[in-house]
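# Commentary on secondary and tertiary structure
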Amino acid sequence: FRSRSADWLRDVGETDLPPVIDLVQDLIWPLPHFYGAKVDISDTQAPSITLATYPSDLKISLHEVIRNALEAGATKVKVRAQSASRGATIVVKDNGPGLPPGVEDSLYKMGFTTYGNDPRHRGMGLYIASRLMQDLGGTIDVRTADGGGAVATLNVPDLGVTR
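Remember, predicted model here, so these are calculated numbers, not experimental data. (Residues numbered from 1 in each chain as written. Predicted model: local features only at pLDDT ≥ 70, side-chain atom pairs only at ≥ 80, totals over all residues. Heavy atoms only, no water.)

### Let's talk about the packing of helix α3 (residues 55-71) against helix α4 (residues 125-136)
At their nearest, the axes of α3 and α4 sit 9 Å apart, and the two run at 150 degrees to each other. With respect to their mutual orientation, α3 and α4 come out roughly antiparallel. With respect to the hand of their crossing, α3 and α4 are arranged in left-handed fashion. Contacts between α3 and α4 involve Asp 57, Leu 58, Ile 60, Ser 61, Glu 64, Val 65, Arg 67 and Asn 68 from the first element and Gly 125, Leu 126, Ile 128, Ala 129, Leu 132, Met 133 and Leu 136 from the second. (Axes fitted to C-alpha atoms, helices over the stretch in contact; angles between N-to-C directions. Helix = DSSP H or I, 4+ residues; strand = E, 2+ residues; numbered from the N terminus. Parallel < 35°, antiparallel > 145°, perpendicular 65-115°, else oblique. Left-handed = near helix turned anticlockwise from the far one by under 90°. Contact = heavy atoms within 4.5 Å.)

As structure tokens, this is what we get:
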């Protein structure tokens, strides 16, 4: 995580932009198959969103957000993507308990977990997701949603757009 993803690729001689991905079909679609809960990605009215970025970084970040929601007790997760200035915004909303009070500032710290000493939870998921988004030049924000549950917003830059 010491260098940005694009810098690492340049270091190994790869100067091309990452492949163009369609957020709805290529990125979001495989995720519901990993979980037993309902992950709703269907939105027949939403237009397709295409951007040039690193699909593996986005898949990992999105996977960690959804996994956290389900492990916290959510039984339904909605994922939506929309075009944004110079990229896209992905919103993940769940029906779980939301965040425990006072953890907002610690969520992205390496080793932070709300599961105490449970060895299955090492506090790396949102840390990795936030670092990947940061390396892409994007952001991730997880909050308790109005009315319950949690909402995560990933702002993803289109690396094919001149900054």
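Continuing now.
### Considerations on the pattern of salt bridges
For the structure on display, the rule yields three salt bridges. A salt bridge links Asp 141 to Arg 143, with the shortest nitrogen-to-oxygen separation between them at 2.7 Å. The partly exposed category is assigned to Asp 141, whose relative accessible area is 28%. For Arg 143, a relative accessible area of 47% corresponds to the partly exposed category. A single network of salt bridges, built from pairs that share partners, joins Glu 64, Arg 67 and Glu 71. (Salt bridge = Lys/Arg side-chain N within 4 Å of Asp/Glu carboxyl O. Buried < 20%, exposed > 50% of the residue type's maximum accessible area, 1.4 Å probe, protein only.)

### Structural notes on unusual backbone geometry
Phi is positive for Arg 86, which is not a glycine, with a value near 65 degrees. For Arg 86, the position within the fold is in the loop between β4 (76-84) and β5 (87-94). On the accessibility criterion, Arg 86 (47% relative accessible area) is partly exposed.

### What about a positive patch on the surface?
A cluster of basic residues, Lys 38, Lys 76, Lys 78 and Lys 93, forms a positive patch on the protein surface. Relative to the helices and strands, Lys 76 resides in strand β4. (Patch = residues over 30% accessible without salt bridge, like charges linked within 9 Å, V, L, I, M, F, W, Y side chains within 5 Å. Areas by Shrake-Rupley, 256 points an atom, 1.4 Å probe, with all protein chains shown as cover. Lys, Arg positive; Asp, Glu negative; His and termini not counted. Charge placed at Lys NZ, Arg CZ, Asp CG, Glu CD.)

### Focus on the sheet that holds strand β7 (residues 150-157)
The strand order β2-β4-β5-β7-β6 describes an open sheet built from five strands, whose pairing is mixed. Every other strand in the sheet has two partners, leaving β2 (38-40) and β6 (139-144) as the edge strands with one partner each. Direction aside, neighbouring strands of the sheet carry axes that sit 15 degrees apart on average. Judged from the eight bridges that link them, β4 and β5 form a sheet pairing that is antiparallel. Paired with Arg 80 across the two strands is Val 91, which belongs to β5. Across the sheet, α4 touches β6 and β7, and the angle it forms with β6 is around 140 degrees. (Pairing = 2+ DSSP bridges.)

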